[in-house]
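Here's the letter readout for the chains.
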Amino acid sequence: MPSKPEHLYEYAVIRYLPCVEREEFVNVGLIMMCKRQRWIRCEVLLNEARISAFHCEIPIEDLRHQLEAFTLVAAGDRRTGDIAMLPVEERFRWLTAVRSACIQTSRPHPGLTSDLQATFHRLFTELVK
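Residues numbered from 1 in each chain as written. Predicted model: local features only at pLDDT ≥ 70, side-chain atom pairs only at ≥ 80, totals over all residues. Heavy atoms only, no water.

> Honestly, the nonpolar core in this entry has me stumped. Any pointers?
Counting 22 residues, the largest nonpolar core has Ile14, Val28 and Ile31 as its most contacted members. Listed by contribution, the elements that provide at least two residues to this core are β1 (7-16), β2 (26-34), β3 (39-44), α2 (60-75) and α3 (88-95). For this core, the leading source of residues is α2, giving five residues. Excluding anything up to four places from it in sequence, Val28 contacts Ile14, Arg15, Tyr16, Glu43, Val44, Leu45, Leu46, Ile51, Leu67 and Val128. (Core = buried A, V, L, I, M, F, W, Y, C linked by side-chain atoms within 4.5 Å. Buried < 20%, exposed > 50% of the residue type's maximum accessible area, 1.4 Å probe, protein only. Helix = DSSP H or I, 4+ residues; strand = E, 2+ residues; numbered from the N terminus. Contact = heavy atoms within 4.5 Å.)

Here's what the structure looks like:
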């Protein structure tokens, strides 16, 4: 029986930095992309208990709104403007670009998998939940 083909993917952890200058962060999501499959997935989990351990200047609802916009861009939702119409790899690059803001991502990391959904679920569980 032939094995499933391996897919090259990239992922980055989405982080909330309550105070950018202090460089403390809480993992709040994951974005993963496979260029060849034209596949991208982004999911966030806002753990209010973890976030409340930091002094937060941004109201939680504002943070929730910003993270929702992040996931909508990843999903290619037209309401987010022209950036959502770019190919998945360009959206991924735009979302994971280095920035000085309260929502940032880790550097992208590569991997190989035969099951993108299962790998996303495993990484989300290990790195965010």
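Text resumes after the structure shown.
> Help me out: how do you make sense of the pairing of β1 in this one?
Regular strands have side chains that alternate between both faces of the sheet. Of all 10 residues that make up β1, eight are buried, and the element is covered over most of its length. Across five bridges, β1 lies against strand β5 (residues 109-113) in antiparallel orientation. When the sheet's bridge partners are listed, Tyr11 is paired in β5 with His109. Bridging between β1 and β2 involves seven bridges; their strand directions are antiparallel. From the neighbouring strand, Glu10 faces β2, where its bridge partner is Met33. Pairing geometry for β1 and strand β4 (residues 103-105), over three bridges, is antiparallel. Across the sheet, Tyr16 pairs through a bridge with Ile103, a residue of β4. (Pairing = 2+ DSSP bridges.)

Interpretation note: all reported values are geometric properties and have no functional meaning in isolation.
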